[in-house]
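For reference, the chains in residue letters:
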Amino acid sequence: MTIKLIAIGKTDSKQLQELITIYTKRLQHYIKFDLDVIPDIKNVKNLSEKQQKEKEGELILKKIVPTDVLVLLDENGKQFSSIDFSLYLQKRMNAGNKQLVFVIGGPYGFSDSVYQKANDKISLSKMTFSHQMVRLFIVEQIYRGFTILKNEPYHHK
């Protein structure tokens, strides 16, 4: 299985990008992992929230194929403990899914068309985080999930 993370817009913070790179490299030890960054949409000031979500949605949907398992990082999604999230990853691998795709939407969330294609919605917290920080958090949690599955000492119960 491959895990892909799709995110809108580049990470402006050099420090955050360095941390994301560290965890991305660590993940390669366990699974093929790709980070796919969709460039920010131009002239968003001329677009309504709905129009911006629609444009971002089109770009997101171009990045997936019908066999992908699409998981949206969404404030209304299911919350997991780290151990439960590791079991979720294991379940997806056991199901023979070819590619698990996590998506971080734009500032206004996802279009209806993206929600319709989604297989799952996951929330990292009831708190709101910047989209850039969410990238780090999900990559770290995927890494943590694999260390839990391998009974490695990274995660402490």
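Everything here concerns the structure above.
Residues numbered from 1 in each chain as written. Predicted model: local features only at pLDDT ≥ 70, side-chain atom pairs only at ≥ 80, totals over all residues. Heavy atoms only, no water.

**Student:** When you look at the overall build of the protein chain in this model, what are you seeing that I'm missing?
**Tutor:** For the protein chain, the count of helices and strands is 5 helices and 5 strands. In the protein chain, the order of α-helices and β-strands from amino to carboxyl end is β-α-β-α-β-α-β-α-β-α. Taking the principal axes of its C-alpha atoms as reference, the protein chain extends roughly 50 × 35 × 25 Å. Looking at the protein chain residue by residue over its 157 residues, the buried ones come to 44%. By sequence separation, contacts in the protein chain at least 24 residues apart represent 85% of the contacts at least 6 residues apart. In the structure as shown, the protein chain presents an accessible area of about 9200 Å², 50% of it carried by carbon and sulfur atoms. (Helix = DSSP H or I, 4+ residues; strand = E, 2+ residues; numbered from the N terminus. Buried < 20%, exposed > 50% of the residue type's maximum accessible area, 1.4 Å probe, protein only. Contact = heavy atoms within 4.5 Å. Areas by Shrake-Rupley, 256 points an atom, 1.4 Å probe, with all protein chains shown as cover.)

**Student:** Is there a simple way to think about the layout of surface pockets in this case?
**Tutor:** Empty space among the atoms becomes visible once a probe the size of a water molecule is rolled across them. Approximately 470 Å³ is the volume found for the largest pocket. Taken together, 22 residues make up the lining of the largest pocket; nearest its centre are Leu73, Asp74, Glu75, Phe129 and His131. Of all elements in the fold, only strand E3 (69-78) and helix H5 (131-149) reach the threshold of two or more residues within the lining of the largest pocket. Classifying every residue of the lining of the largest pocket gives 11 nonpolar, 8 polar and 3 charged. (1 Å grid on protein atoms, 1.4 Å probe; cavity = no way out; pocket = protein on both sides within 12 Å on 5 of 7 lines; lining within 4 Å. Points joined across faces, edges and corners; volume = space filled by probe spheres on them. Nonpolar A, V, L, I, M, F, W, Y, C, P; charged D, E, K, R; others polar.)

**Student:** I tried to follow the pairing of strand E1 (residues 2-8) on my own but got confused; where do I start?
**Tutor:** Remember that side chains alternate between the two faces of the sheet whenever the strand is regular. For E1, the tally of buried residues reaches 7 of 7 residues, placing the bulk of the element in the interior. Here E1 shows no split at all, with Thr2, Lys4, Ile6 and Ile8 on one side and Ile3, Leu5 and Ala7 on the other all buried. Where E1 and strand E2 (residues 32-38) come together, 7 bridges link them in parallel fashion. Opposite Thr2, over in E2, you have Lys32 as the bridge partner. You can see the chain leave E1, run along helix H1 (residues 14-27) and come back into E2, and the turn it takes is right-handed. The sheet contact formed by E1 and strand E4 (residues 99-104) spans 6 bridges and is parallel. What sits directly across from Leu5, in E4, is Phe102. (Pairing = 2+ DSSP bridges. Right-handed = clockwise from strand over helix to strand, strands pointing away.)

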